[in-house]
Amino acid sequence: MLQLPPLHVVPNQADLLATHEAIHPFVHRTPVLTNRSIDAMTGARLYFKCENFQRIGAFKMRGGASAALRFTPAQRERGLATHSSGNHAQAVARAAQELGVPAYIVMPHDAPRVKIAAVEGYGATIFYCNNTPRERQQALDSVVERTGAAFIHPFDDYGVIAGQATAAMELIEDTSAVLDYILTPVGGGGLLAGTALAARYFSVKAEVFGTEPEAVDDAARSLRSGRIELNETNITVADGLRTNLGERTFAVIHRYVPRIYLVSEREIVAAMRLIWERMKIIVEPSCAVPLAAVLRYPEVFADKEVGIILTGGNVDVDKLPF
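Cut-off values and rules
- Residues numbered from 1 in each chain as written.
- Predicted model: local features only at pLDDT ≥ 70, side-chain atom pairs only at ≥ 80, totals over all residues.
- Heavy atoms only, no water.
- Axes fitted to C-alpha atoms, helices over the stretch in contact; angles between N-to-C directions.
- Helix = DSSP H or I, 4+ residues; strand = E, 2+ residues; numbered from the N terminus.
- Parallel < 35°, antiparallel > 145°, perpendicular 65-115°, else oblique.
- Contact = heavy atoms within 4.5 Å.
- Nonpolar A, V, L, I, M, F, W, Y, C, P; charged D, E, K, R; others polar.
- Core = buried A, V, L, I, M, F, W, Y, C linked by side-chain atoms within 4.5 Å.
- Buried < 20%, exposed > 50% of the residue type's maximum accessible area, 1.4 Å probe, protein only.
- Pairing = 2+ DSSP bridges.
- Phe/Tyr/Trp six-rings, centres within 6.5 Å; stacked < 30°, edge-to-face > 60°.

(A) Main features of the packing of helix α1 (residues 13–22) against helix α9 (residues 190–202). Relative orientation of the contacting elements α1 and α9 amounts to 110°, with a least axis distance of 10 Å. In terms of orientation, α1 lies roughly perpendicular with respect to α9. On α9, the residues that touch Gln 13, Leu 16 and Leu 17 of α1 are Leu 197, Ala 198, Tyr 201 and Phe 202. Split by residue class, the contact of α1 with α9 holds 6 nonpolar, 1 polar and no charged.

Here is the structure:
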């Protein structure tokens with residue numbers, strides 16, 4: 001198993017290559033799928049990087065493994081800790097299981113049951129809290145103080161960003177076409193920041209755009225204002241995108257991402273259903289946001305080669321939005 005050095009600055013090309021090699025034992029190289037009927041509807045040629053087939057069912061496994069490997073064995077021995085409503089929690093729990101160390105996860109009471117069950121299944125100890133940033137952080141601080149566990153931030157960590165970049169690295173390498181654009185959803189910004197870095201270092205010409213629900217449009221507003229903006233609500237069907245940007249993710253996004261496209265709740269649900277029906281694969285609502293943007297803005301994406309990262313498939317099938 002490779003040991004990665006801590007990252008204190010924005011990852012460079014060598015950092016991303018080293019990360020991709022080191023996390024190989026922890027992740028799947030997920031497939032890139034196409035669909036002719038969806039291409040016909042959008043007027044674009046779409047390439048879906050299917051991280052819904054990733055270990056733990058989401059791209060977050062990449063960042064969790066990357067960050068875990070940057071702690072020394074002595075630091076890891078005391079355990080890994082994080083706060084998360086779902087996919088990052090699973091990633092840290094699974095990384096800890098693979099490394100043979102404890103995992104301590106702070107989760108809100110209203111986290112999706114399917115994600116809580118998965119975290120429990122990976123052997124982690126869960127501490128519940130109310131679903132506010134302040135209470136999550138307070139609970140996490142208490143856990144770290146008691147256990148001495150190493151904290152892995154869900155997104156605002158250069159190690160996490162480097163891990164998330166590997167999904168786009170594989171997408172670029174495994175797609176026969178030269179991509180014009182790569183789209184990701186944006187919540188905390190780890191995936192979008194990592195994708196922007198991957199495109200900068202490994203793509204011939206691809207521009208990277210974020211996509212976001214109108215109901216929680218903090219990232220789009222932050223890009224316009226040049227400073228981190230917050231949301232007054234977190235009510236959206238795309239439960240993975242309710243988080244605000246972090247300082248590290250925002251700095252990368254502000255420099256390398258020219259625009260974030262917004263879509264409505266109705267458009268997210270319609271795009272999610274389209275993926276289920278036409279591609280015959282299970283994706284979360286957050287996954288559908290980039291496709292919703294392609295459908296909403298045909299004047300931007302028509303006749304273009306477009307990569308889309310499908311971020312995860314951990315959906316509660318008893319609470320489908322369609």
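Once the structure has been displayed, the description carries forward.
(B) Summary view of the nonpolar core. Counting residues in each nonpolar core, the largest one holds 72 residues, and the members touching the most others are Leu 46, Phe 301, Val 306, Ile 308 and Leu 310. The dominant element in this core, judged by the number of residues it contributes, is helix α8 (residues 158–174), at 9 residues. Those residues within four positions of Leu 310 in sequence are excluded, and the remaining contacts are Phe 48, Lys 49, Cys 50, Glu 51, Asn 52, Ile 275, Ile 281, Val 283 and Cys 287.

(C) Local environment of the pairing of strand β2 (residues 45–50). Along β2, 5 of the 6 residues are buried, which leaves the element largely enclosed by surrounding structure. Where strand β1 (residues 32–33) and β2 come together, 2 bridges link them in antiparallel fashion. Paired with Val 32 across the strands is Lys 49, a residue of β2. Pairing between β2 and strand β10 (residues 305–310): 6 bridges, direction parallel. When the sheet's bridge partners are listed, Lys 49 is paired in β10 with Ile 309.

(D) Molecular detail of the sheet that holds strand β6 (residues 150–151). The 4 strands are arranged β5-β4-β3-β6 in an open sheet whose pairing can be described as parallel. Pairing within the sheet leaves two strands with one partner each, and these edge strands are β5 (125–129) and β6. Bridge count between strand β3 (residues 80–83) and β6: 2 bridges; the pairing is parallel. Within β6, the residue paired with Ala 81 across the bridge is Phe 151. The strands that helix α6 (residues 113–121) touches are β4 (103–108) and β5; relative to β5, the one it contacts most, it runs at about 145°.

(E) Spotlight on the packing of aromatic side chains. Applying the stated criterion across every chain yields a total of 8 aromatic pairs. Plain terms: the ring middles of Phe 209 and Tyr 261 are 5.3 Å apart, the flat faces sit at 85° to each other, and that makes the pair edge-to-face. Of this pair, Phe 209 sits in strand β8 (residues 207–213) while Tyr 261 sits in strand β9 (residues 260–263), placing them 52 residues apart in sequence. Classification of Phe 209 as buried rests on a relative accessible area of 5%. According to the relative accessible area criterion, Tyr 261 is buried, its value standing at 4%.

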